[in-house]
Amino acid sequence: QKEVEQDPGPLSVPEGAIVSLNCTYSNSAFQYFMWYRQYSRKGPELLMYTYSSGNKEDGRFTAQVDKSSKYISLFIRDSQPSDSATYLCAIGRVNRDDKIIFGKGTRLHILP
Amino acid sequence: SQTIHQWPATLVQPVGSPLSLECTVEGTSNPNLYWYRQAAGRGLQLLFYSVGIGQISSEVPQNLSASRPQDRQFILSSKKLLLSDSGFYLCAWSPAGTAYNQPQHFGDGTRLSIL
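Residues numbered from 1 in each chain as written. Chains lettered and ligands numbered in written order. Predicted model: local features only at pLDDT ≥ 70, side-chain atom pairs only at ≥ 80, totals over all residues. Heavy atoms only, no water.

Peer 1: For this particular structure, what's the right way to read the environment of Met48 of chain A?
Peer 2: By secondary structure assignment, the location of Met48 of chain A is in strand S5 (residues 45–50). With 23 residues separating them in the primary sequence, Met48 of chain A and Tyr25 of chain A have C-alpha atoms 17 Å apart. (Helix = DSSP H or I, 4+ residues; strand = E, 2+ residues; numbered from the N terminus.)

Peer 1: Would you take a moment to explain the sheet that holds strand S7 (residues 61–66) of chain A for this structure?
Peer 2: Within a beta sheet, neighbouring strands are joined by backbone hydrogen bonds and run either parallel or antiparallel to one another. Residue and element names in this part refer to chain A. With antiparallel pairing, five strands are arranged side by side in an open sheet as S1-S3-S8-S7-S6. The open sheet has two edge strands, strand S1 (4–6) and strand S6 (54–58), and neither has a second partner. Mean inter-strand twist for the sheet, computed between neighbouring axes without regard to direction, equals 20°. (Pairing = 2+ DSSP bridges. Axes fitted to C-alpha atoms, helices over the stretch in contact; angles between N-to-C directions.)

Peer 1: Teacher, can you tell me more about the pattern of salt bridges here?
Peer 2: Side chains that carry opposite charge are capable of pairing whenever their charged atoms lie near each other. Going through the model one piece at a time under the given rule, you end up with six salt bridges over all chains. Between Glu45 of chain A and Arg37 of chain A there is a salt bridge, with the nearest N and O atoms lying 3.1 Å from each other. Put simply, Arg37 of chain B and Asp85 of chain B hold a salt bridge, and the shortest N to O gap is 3.9 Å. Note that Arg37 of chain B is positioned in strand S4 (residues 32–39) and Asp85 of chain B in the loop between strand S8 (73–78) and strand S9 (87–94), a separation of 48 residues in sequence. Residue classification places Asp85 of chain B among the buried positions, given a relative accessible area of 4%. (Salt bridge = Lys/Arg side-chain N within 4 Å of Asp/Glu carboxyl O. Buried < 20%, exposed > 50% of the residue type's maximum accessible area, 1.4 Å probe, protein only.)

In structure tokens, the structure reads:
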């Protein structure tokens, strides 16, 4: 079983819709959760960082962590064409040698 | 604020030629530094990471090497490039100390094509 799994997409949604992006992970030792956005030919950009279960909100973005189900989500409200990008989840494991595990990313297209 | 610079943005090299990619970080001291390769459909592959000057950990056996000659400088090298070295190379940093609970911050990458 892979340590973190993420649907590659592509996911196409109309402008203004709510987008839901998800990752599952295999080990309850994972305690730190991040979401990155990556535009084509650019490096990943940190969007959200959390280490607790529940929701964390930042503008139109909400990160949700369910540790009991080993499931993390990123919600984008009022989606815009500029949100079209690849979104990567990343998780860090307590007491592990300086590693963060990245998902392979989900490609998102917001249709005008 | 902290910034990370990576160059060149694009590079085309013949098979068998040497390689040197450079990454520098500004606005922080003693950062953890990382080199990743990103291939389509395969996600981010960690190649090397460094917790200090001269300290390099290699994640996968390969044709590449890394060096950290200064606190905020990280270099990815090869003596002889292979076709399989083509890809998108990303440098990243995280704050000093333990890395598993610190988000990493990425440069804009170098797209390397081997002919």
